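Notes for the structure review
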Amino acid sequence: MYGYISGYTDTGSIFYCPACGERVTESFSDGTCKCGECGMRFGVIETDREDEDER
């Protein structure tokens, strides 16, 4: 499933890779991180708690 989410991503709250679970070793100024194990580059956006209730 794909969707569009907008927001801000902060590398200060990213510690582990969502794909393989290894600790993230590289952070970039655009708010993304890269996993040194599997090579996935990603960002994390937190949603509002009230959005979860609408599902």
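The structure we're discussing is the one just above.
The next point concerns the environment of Y8. Among the secondary structure elements, Y8 is positioned in the segment before β1 (26-27). Each C-alpha atom of the pair Y8 and I45 lies 6.1 Å from the other, and the pair is 37 residues apart in sequence. The residues touching Y8, leaving out its near neighbours within four places in the chain, are V44 and I45.

This part covers the side chain of T32. Within the element layout of this structure, T32 appears in the loop between β1 and β2 (33-34). Accessibility expressed as a relative area gives 15% for T32, which makes it buried. A polar side-chain atom of T32 sits 2.6 Å from a polar atom in the side chain of D30. Reaching out from T32, the side chain makes a polar contact with the side chain of R41 at a distance of 3.0 Å. The residues touching T32, leaving out its near neighbours within four places in the chain, are T11, S27, R41, F42 and G43.

The rules we used
- Residues numbered from 1 in each chain as written.
- Predicted model: local features only at pLDDT ≥ 70, side-chain atom pairs only at ≥ 80, totals over all residues.
- Heavy atoms only, no water.
- Helix = DSSP H or I, 4+ residues; strand = E, 2+ residues; numbered from the N terminus.
- Contact = heavy atoms within 4.5 Å.
- Buried < 20%, exposed > 50% of the residue type's maximum accessible area, 1.4 Å probe, protein only.
- Polar contact = N/O pair within 3.5 Å; in protein donor to acceptor, adjacent residues only side chain to side chain.

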